Each structure stands twice: as structure tokens, then as C-alpha cells.
Amino acid sequence: MKERIHLGGREYCILKNLSSGFRERLQAYDSVAADLRAIVVLPRGSSSAQHLRVLQNLTKRNSTNFPPIWETQAKGDSYFVIQAWINGHDLDRKIRHATEHLERWPGPPEAFQIFRHLAHGLGQLHQDTSLVHGDIKPANLVLDRNRVFIIDFGNAWHFEQTAYCKPGDGISGAYASPEQHRGDALIDFRSDYFSASVIAYQLLTRQLPYDGMGGKAGLNEFAEAFANKLVPPSQLASHREHMRNDFWLAIDRIVMRGLSLKANDRFANKGEWLSEIETINATLKLKPNLSSAQLHCLGIVDWLGKWFKRGGSAM
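The structure reproduced in this document is the subject of the present report. A quick note: this is a predicted structure, and the numbers were derived from the prediction, not measured.

## Re the overall build of the chain
Argument step 1. Tallying secondary structure elements over the chain gives ten helices and eleven strands in all.
Argument step 2. Across the 315 residues of the chain, 48% fall into the buried class.
Argument step 3. Long-range contacts, defined as pairs at least 24 residues apart, comprise 61% of the intrachain contacts of the chain with a sequence gap of at least 6.
Argument step 4. Surface accessibility of the chain: about 15800 Å² in total, with carbon and sulfur atoms responsible for 51%.

## As for the packing of aromatic side chains
Argument step 1. Counted by the stated rule, this structure contains six aromatic pairs.
Argument step 2. With centroids separated by 6.1 Å and ring planes inclined at 80°, the aromatic side chains of Phe112 and Phe247 adopt a geometry described as edge-to-face. Of this pair, Phe112 sits in helix H3 (residues 108-129) while Phe247 is found in helix H8 (residues 245-258), placing the two residues 135 residues apart along the sequence.
Argument step 3. By relative accessible area, which is 1% here, Phe112 ends up buried.
Argument step 4. On the basis of relative accessibility, which here comes to 2%, the residue Phe247 falls in the buried class.
Argument step 5. Aromatic side chains Phe115 and Trp273 sit 6.1 Å apart centroid to centroid with 70° between the ring planes, which places their arrangement in the edge-to-face category.

## Points about helix H5 (residues 190-205)
Argument step 1. For H5, built from 16 residues, the straight-helix expectation of 22 Å at 1.5 Å per residue is met to within 8% by its first-to-last C-alpha distance of 22 Å.
Argument step 2. Counting buried positions over the 16 residues of H5 gives 16, a clear majority of the element.
Argument step 3. One or two steps after H5, the chain reaches Arg206, where phi turns positive at roughly 65°.

## Quick word on the sheet that holds strand E5 (residues 69-75)
Argument step 1. Taken in spatial order, the six strands of this open sheet run E1-E2-E3-E4-E6-E5, and their pairing is antiparallel. The sheet terminates laterally at strand E1 (4-7) and E5, the two strands that pair on one side only. This sheet shows a mean twist of 35° between the axes of neighbouring strands, independent of strand direction.
Argument step 2. Across seven bridges, the pairing between strand E4 (residues 35-43) and strand E6 (residues 78-84) is antiparallel. Residue Ala38 lies in a different strand from E6, and its bridge partner there is Gln83.

## Digging into the sheet that holds strand E10 (residues 147-150)
Backbone-to-backbone hydrogen bonds pair the strands of a sheet. The strands run either parallel or antiparallel.
Argument step 1. Read from one edge to the other, the open sheet built from three strands follows the order E7-E9-E10, with strand pairing classed as antiparallel. In this open sheet, the two strands that pair with only one neighbour each are strand E7 (89-90) and E10.
Argument step 2. With four bridges joining them, strand E9 (residues 141-144) and E10 adopt antiparallel strand pairing. Looking at E10, one finds that Asp144 is bridged to Arg147.

## Quick look at the packing of H3 against H8
Argument step 1. In the contact formed by H3 and H8, the axes pass within 13 Å of each other and the chain directions differ by 35°. Two packed elements cross with a definite hand, and for H3 against H8 that hand is left-handed. Taking contact as the criterion, the partners of Pro108, Phe112 and Phe115 in H3 are, on H8, Phe247, Trp248, Ile251 and Ile254.
Argument step 2. A class-by-class count of the residues in the contact of H3 with H8 yields seven nonpolar, no polar and no charged.

## Section: the packing of H8 against helix H9 (residues 270-286)
Argument step 1. Interaxial distance between H8 and H9 falls to 11 Å at its minimum, and their mutual angle equals 165°. Taken together, H8 and H9 sit at an angle that is classed as roughly antiparallel. Where H8 crosses over H9, the handedness of that crossing is left-handed. Here Asp246, Phe247, Ala250, Ile251, Arg253, Ile254 and Arg257 of H8 come into contact with H9, specifically with Glu272, Trp273, Glu276, Ile277, Ile280, Thr283 and Leu284.

Rules used in this analysis
- Numbering of residues starts from 1 in every chain and runs along the sequence as written.
- Selection of residues for local features in this predicted model requires a pLDDT of at least 70, selection of side-chain atom pairs for listing and counting requires 80 or more, and totals for whole chains, interfaces and linings are taken over all residues.
- Values reported for side chains reflect all heavy atoms of the structure, with hydrogen atoms and water molecules removed beforehand.
- Strands here mean DSSP runs of E at least two residues long; helices mean DSSP runs of H or I at least four residues long; both are numbered from the N terminus.
- Working definition: with a 1.4 Å probe on protein chains only, accessible area under 20% of the residue-type maximum means buried, over 50% means exposed, and in between means partly exposed.
- Contacts are assigned to residue pairs with any non-hydrogen atoms lying within 4.5 Å of each other.
- Note on areas: Shrake-Rupley, 1.4 Å probe, and residue coverage restricted to the protein chains presented here.
- Two rings from Phe, Tyr or Trp (for Trp, the six-membered ring) form a pair when their centres sit within 6.5 Å of each other. Planes less than 30 degrees apart are called stacked, planes more than 60 degrees apart edge-to-face, and all others tilted.
- What a helix is expected to span follows from its residue count: subtract one and scale by 1.5 Å.
- Between any two strands, at least two bridges found by DSSP are needed for them to pair.
- Note on geometry: axes are C-alpha line fits, over the in-contact stretch for helices, and angles between N-to-C directions span 0 to 180 degrees.
- The crossing is said to be left-handed when, going from far helix to near helix, the turn is anticlockwise and less than a right angle, and right-handed when the turn is clockwise.
- Note that Gly is not counted as nonpolar here; it falls among the polar residues with everything else outside the nonpolar set of Ala, Val, Leu, Ile, Met, Phe, Trp, Tyr, Cys and Pro and the charged set of Asp, Glu, Lys and Arg.
- Convention used here: angles under 35 degrees read as roughly parallel, angles over 145 as roughly antiparallel, angles from 65 to 115 as roughly perpendicular, and any remaining angle as oblique.

Structural data, given as C-alpha cells:
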């Protein structure tokens, strides 16, 4: 018999434990609403309550990047956060599947759009809540058609409270920023910029930056050795010829800056970051995604067409 849990006068049937690390996340069935729910279990405390109030207000604004939080219930030593269930696959699953079936790996346009939607979600989070997410990684992103949902807020904290993070919070291997790995006292939104840029790099190149080290390359014992080991994504992209050179120049500039090992070398604010990203998006809408070589070939075809119309006469 499946486990059942009673919260706020409702009974939830637990279908699956989706937990990773120290935090519990469950897939549940709400018998009253006759719908699936996600239940996140967080330690009870004044800071958690404050964070949840802020996040609940955010999700009530019809955000395109965050699952709505229907309610929160305190029980024992924990808060139970009941969220809408998002039908889709997390990015980690997509990457693992594509690693075994390379034909399913996202092409550059899809990879860019995933990065773009993630960036806008983080920008909204930072602006509306003053929270740093702190654990941006593929497993915490769910793809549903052309939307990217950020599903886990367990490591989010206020900028002024970063000195009080628990050891291990937000340390997700290569995706965590150098300042998180070092345990710096002050960690701000630029840490999330780094994590999002790691994901962009991975999607575009099928590799993690800094020879697979990611944010660990910024640890004091590695920083000097890895400072010059970041290869521009355009040099590693498997489908480089499918996109124009100006696309790759802009991608290299944005992703490389986002992956700076020093936070002060990254984008200073969300406006600057998103402006660069939207410039690429606008370019993709205005022009066909053709490389210089493809455009040259089209030019030759056009010339030949005109030549035959003129009966092969000299130009």
C-alpha cells in the first residue's frame, strides 16, 4: 500500500520519492483536486518561513518559469511545500538520454533558448525576491514544450544572509560557482549567472567547462592552473556550421564572461546580462540561421538563376 500523508485537511498519496541529496521531494496525488502535486520538505525555521512567503508571492504572479506554490504546511520540524506538478522531463534526464543517443542532443538554437529562458527566470527571481537560488543544475530544471521551470528552492537565501548558509548547501559539483566551493561569506546573484553559464556551455559543447572542473576550477589550489583553460564554446560545438559566425561570437562573449572564475568579472546585473542574450535572440528572429559558407552558396545559386534568366549572357 502506498504511503499517505495528511496536510491541511487533505490526504496526499505519495507516488514517488524524487529526493536528491539532503532535501526530500515527493510526487504525490491530491485526491481532492484529482491532480498530481510536488511536495518539498524543508527544515522548519524563521528563515525558511520568510523565504517561502516571498516565493509564494512570486509564483502567484503567473510566472512562466516557476511552478505555483499552492500552500505550505508546518508539521513537526518541517515545512511541507505543496506545488503544482509540471508535466515534462528534467534537463538532467534529457542530457543523460542524449549522451547515449547523440542524435537527440539539443542543437545550438534549442540550447540557446533553454539558456535564455533560464536566464529570464533567474532575473525574475533576483529582482522580485532578492533571493539567490544557489543550486542551479540540470536536475532542478524541468522542460515543458518551450518553457523552462525552476523547480527547487531549497538552497535559496537572501543576499544578506549568505554568511549563514549550511555547509554543503548549493554545492552541486561542476555547476556550483567558485565562491560556493570556497565557502565565501558573501555570495550574490552572480553565482547563479555562473551556474546557468555552465549549463549553456554543456548544452552547446557536450562538455563541462574548465576541463570538466566547472566551478571547482576557481578553488584557490586550482585557480592559477585553470585560469587559461576555458575553451570558447564555438570551438567545441559539434554543429558549429549550422549557425552564423555572429551567433558564435556573441555566444562566446556571453558564456565566457558568465564563466569568469571571479564574480567581479561576470555581468554586473541582470539588465546587462539579459540585454546581451536578447540581442542574440532578436538576431535569430530577423535572419536565417545560416553560416557564412551557406550564405555564400546561396549567393552563387542566386547568381546562377539570374544568369540563366538572361540566357547565359555575361554579367
